Amino acid sequence: MGILAMPFLLSLAGCQDLTEINQNPNALTDDKTNPAYVLTSVITGTASELADISFSGNVTQCVAPAAMQYVQRDFLEFNTTNQFAWIPLNFDYRGLYLPMSNASYLEKRASGNVDSLFIKGTSKTMQALWFGVQSSSWGDVPYSQAFKGTDNLQPAFDKQIDVFKGILKDLEDANSYLAKTTVVNSSVMIAADVLYTGKLLKWRQFANSLHLRYLMRLSGKAAEMKAAGVDIASEFNKIVSDPATYPLITSSADDASIKFPGTNTTDSYTLGPLVTTTISEFYRIKAAATIVDYLKVRNDPRLTVWFKPVDVQTLVRDKGADVVIATDAAGKVKRYIKSYQTGIDTSLYVGLKIALTDPDSYNNNVAAQRTQAAALSSSVYNSGAANPFVSYLGTIFRTNTDPLIKSVFISASEVNFILAEASSRGWIKGAAPDYLVAAVSASMDQYSIANGDVKVYNPSTHAIIAFNKTEYLDKLKTEFNAAANPLEVIMQQKWVSSFATMESWFDYRRTGFPNIAGNILNGSQGTKIPSRLMYGENETNYNPKNTSDAISRLVPATNDQWSKMWLLQ
């Protein structure tokens, strides 16, 4: 049932006359609701829920960032994320399901509307986005029998191959509907489109870019898809080789992404103070060593945008005692140790190692030393989840709104990475290194990083220096051309650029890149990274037979995070 549906749970036991008397002549029924307002709900609901499941949600919702070694948790619940003790999550959980349900309802309301083709196109696009997220995360999900409401409270779970066939057709239809639309007529509809304000070309770019995403996601299933009537490589090439019919997102200015207004608890970024009111909840999310070290080695400016320098840097200096907490000439609090100790990281940017058994004490996080440091500077945090010797998330993530913090549906960076991979596979014309450079450049643009910006950390001098974009991209091309497996270079950089989204998890399962499994120190299954989210109690309790049928198609047939869905078998 959509968010705008009006509940009317009145008892019908009374006589007919009483029923008529109790009808409200002023009630706003579904058929009177302007579909424009439903479109707003679909877009904003998607922005909020996609951001939460991708990066900013709680440990039940949001597990991919730790699995992909962007972040690690400490203080509380770190075993859930860091060591993969994942908790079942209902795919029909109200927040996650509602935008997709409302998109389906929007399609039903298109008939007879002056903007019917626009409504159909946007609805199909948003449904495809969400079905792709859900099926990629859980496996088999209801598709053909979804959104029936009380007409079917126990829908069958479609096989994943059929879900993806449907997604591809929906996106083809979406582009067709939008291409046939000459203009969005209603000013209310234009204003309600908070993603693209009725710009038809941008919606077509969005739909076609999603089409490429899901074609590439099926790359390992090309033979089965061909037998089912879909030639993955040919379909991909058809789209890329005909930009007039299938325009794509190739510039970050066209990204399908939404900024959070930040005016109240419903439209603010989840990690901002309006929603996450307790600061320790924010500080328990630490930088992961894998991403930090990768960025440091490459002099990548995204390091200083995404993460904070440690509150207290550790330096090897003989200041008399074995450990001295003091301010330096610039007034910065430092921890000086007389001689180097194994396991101590002296960098200005320090990430937690992966799946530590005791992450709270990492980098010799000693309470007495924290207290000394906090006494010297009020900027040193010393309460729940405090570790001034490890990097926290950057300050942009602790705001209710920030121009750099958006919910990203799909970006130009991702599309160019997909094109780079397709080129390396021989699916399309065009040089893979050029697509790769365009992808990384778009990621820099996404975070407003320009040539010459003083945002690069020098690990040798600990200084923040200017970014030389030309040098950075030239090195990347050289690395690609010299690589034994160029796909690995593409996927490593795509992993970086997919920060704060779920895309790198889906890519890792498909390609095995980047090769990060060996970083896991104490995983619940050695160095294995989970393959899926588990069906939750809503599915197993209220739709048991169909859920059981879906589980039987997993390998092994167990509802856990390690079983493989058809996409990965």
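Please read all numbers here as calculations on a predicted model, not as lab measurements.

A. Region of the structure containing helix H6 (residues 116–138). End to end, H6 covers 32 Å across 23 residues, agreeing with the expected 33 Å (1.5 Å per residue, within 8%). Of all the 23 residues making up H6, 20 are buried; the element is thus mostly covered by neighbouring parts of the structure. At the C-terminal side of H6, Gly139 shows a positive phi close to 115°.

B. Up close: the side chain of Asn82. Mapped onto the fold, Asn82 is located in helix H4 (residues 78–82). Under the relative-accessibility criterion, Asn82 is labelled buried at 1%. From its side chain, Asn82 meets the backbone oxygen of Arg73 in a polar contact 2.7 Å long. Within the structure, the side chain of Asn82 is placed 3.0 Å from the side chain of Thr81, a separation counted as a polar contact.

C. Fine view of the environment of Ile249. Topologically, Ile249 is positioned in the loop between helix H11 (232–240) and strand E2 (256–259). The sequence separation of Ile249 and Ala412 amounts to 163 residues, and the corresponding C-alpha distance is 5.2 Å. Setting aside its immediate chain neighbours within four residues, Ile249 contacts Tyr196, Gln205, Phe206, Ser209, Asp254, Asp255, Ala256, Ile410, Ser411, Ala412 and Val415.

D. Structural view of the sheet that holds strand E5 (residues 323–327). Pairing is mixed across the open sheet formed by 3 strands, whose spatial order is E4-E6-E5. Of all strands in the sheet, those with a lone pairing partner are strand E4 (313–316) and E5, marking the two edges. The average undirected angle you get between the axes of adjacent strands in this sheet is 30°. Alignment of E5 against strand E6 (residues 333–337), held across 5 bridges, turns out to be antiparallel. Along E6, the bridge assignment pairs Ile325 with Arg335. Sheet strands in contact with helix H15 (residues 367–376) are E5 and E6, and its direction is about 15° off that of E5.

E. Summary view of unusual backbone geometry. Here the residue pair Phe513 and Pro514 is connected by a cis peptide bond, since its omega of -5° sits within 30 degrees of zero. Relative to the helices and strands, Pro514 is located in the loop between helix H20 (503–511) and helix H21 (537–542). The amide bond that connects Val555 to the next residue, Pro556, takes the cis arrangement and shows omega of -10°. Within the secondary structure layout, Pro556 lies in the segment after helix H22 (544–552).

F. Focus on the pattern of salt bridges. Within this structure, the stated rule accounts for 27 salt bridges. Here Arg213 ties to Glu414 by a salt bridge, and the two come within 2.8 Å at their closest N and O atoms. Of the two residues, Arg213 sits in helix H9 (residues 200–217) while Glu414 sits in helix H16 (residues 412–424), which places them 201 residues apart along the sequence. Accessibility classification places Arg213 together with Glu414 in one group, the buried group. Among the ionic pairs, Lys226 bridges to Asp231, the shortest N-O distance being 3.7 Å. Taking relative accessible area as the criterion, Lys226 reaches 54% and is therefore assigned exposed. With a relative accessible area of 28%, Asp231 lands in the partly exposed category. Bridged by salt links that share partners, the residues Glu421, Arg425, Lys494, Asp507 and Arg510 form one connected network.

About the thresholds
- Residues numbered from 1 in each chain as written.
- Predicted model: local features only at pLDDT ≥ 70, side-chain atom pairs only at ≥ 80, totals over all residues.
- Heavy atoms only, no water.
- Helix = DSSP H or I, 4+ residues; strand = E, 2+ residues; numbered from the N terminus.
- Expected span 1.5 Å × (residues − 1).
- Buried < 20%, exposed > 50% of the residue type's maximum accessible area, 1.4 Å probe, protein only.
- Polar contact = N/O pair within 3.5 Å; in protein donor to acceptor, adjacent residues only side chain to side chain.
- Contact = heavy atoms within 4.5 Å.
- Pairing = 2+ DSSP bridges.
- Axes fitted to C-alpha atoms, helices over the stretch in contact; angles between N-to-C directions.
- Salt bridge = Lys/Arg side-chain N within 4 Å of Asp/Glu carboxyl O.

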